[in-house]
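What follows is the residue order along each chain.
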Amino acid sequence: MGRSTLKNEELRFEKPAVRPEFKSVPEAEVWKAIAEAEEGPNPVAVEVTRIALGYLAEFKRQAESGKTSLMLHVSAGCAVEKVALLLAVRFLEVSGGTAFPISLQ
């Protein structure tokens, strides 16, 4: 058997696109918007939720396809993508009861 490489272990998927008006929101403001979302919906929290749901849908599609992976590698292009991915992974960890291996750049 050959040695496994990271490339062979990665799960690649289509990322949902962040709307242009949210690409420059700093990470601290994204987390603040998430925290304040309980008080009422705000545009940043809605965008993070939309992106997180897109990630979850893609995770589900990959799982149903029968593909397996030891590592999920994602490059976040902006803070909204990063926070959405972290929230989606946290949801998977809590609902599945196990850690989800991820490499986030």
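Residues numbered from 1 in each chain as written. Predicted model: local features only at pLDDT ≥ 70, side-chain atom pairs only at ≥ 80, totals over all residues. Heavy atoms only, no water.

Further remarks concern the nonpolar core. Within the largest apolar cluster, 21 residues are counted, with the highest numbers of intra-cluster contacts made by V30, V44, V48, Y55 and V80. Looking at this core, the elements with two or more residues in it are α2 (27-36), α3 (43-64) and α4 (79-96). The residues contacting V30, other than those within four sequence positions of it, are V25, V44, V48, A79, V80 and V83. (Core = buried A, V, L, I, M, F, W, Y, C linked by side-chain atoms within 4.5 Å. Buried < 20%, exposed > 50% of the residue type's maximum accessible area, 1.4 Å probe, protein only. Helix = DSSP H or I, 4+ residues; strand = E, 2+ residues; numbered from the N terminus. Contact = heavy atoms within 4.5 Å.)

Turning to the confidence of the model for the protein, a few remarks are in order. The pLDDT averaged across the protein works out to 80; a share of 71% of its residues lies at or above 70. Of all helices and strands in the protein, the one with the weakest mean pLDDT is helix α1 (residues 6-9) (43), whereas α2 scores best (96). Here residues 1-10 is modelled with pLDDT under 50, and outside its nearest four sequence neighbours on either side it reaches 8 contacts, counting other chains as well. (pLDDT = per-residue confidence, 0-100.)

Further remarks concern the environment of A17. In this fold, A17 is placed in the loop between β1 (10-11) and α2. The exposed category is assigned to A17, whose relative accessible area is 56%. Sequence separation between A17 and G77 is 60 residues, and the spatial gap between their C-alpha atoms is 9.7 Å. A17 has contacts with E47, R50 and I51, leaving out every residue within four places of it along the chain.

A few words now on the pattern of salt bridges. All chains considered together, the criterion is met by 5 salt bridges. Salt-bridge contacts for R19 lead to E47; the nearest nitrogen and oxygen are separated by 2.8 Å. Residue R19 is found in the loop between β1 and α2, and its partner E47 is found in helix α3; the two are separated by 28 residues along the sequence. According to the relative accessible area criterion, R19 is partly exposed, its value standing at 39%. In this structure, E47 and R50 form a salt bridge, with 2.8 Å as the shortest nitrogen-oxygen distance. Here E47 pairs with R50, and both are found in helix α3, just 3 residues apart, close to one helical turn. Residue E47 is classed as buried on the basis of its relative accessible area of 1%. For R50, a relative accessible area of 30% gives the class partly exposed. (Salt bridge = Lys/Arg side-chain N within 4 Å of Asp/Glu carboxyl O.)

In this section: α4. The α-helix advances 3.6 residues per turn, and as a result positions three or four apart in sequence lie on the same side. Its 18 residues give α4 an end-to-end C-alpha distance of 25 Å, which sits within 8% of 26 Å, the value for a rise of 1.5 Å per residue. Listed as buried for α4 are A79, V80, E81, V83, A84, L85, A88 and V89. (Expected span 1.5 Å × (residues − 1).)

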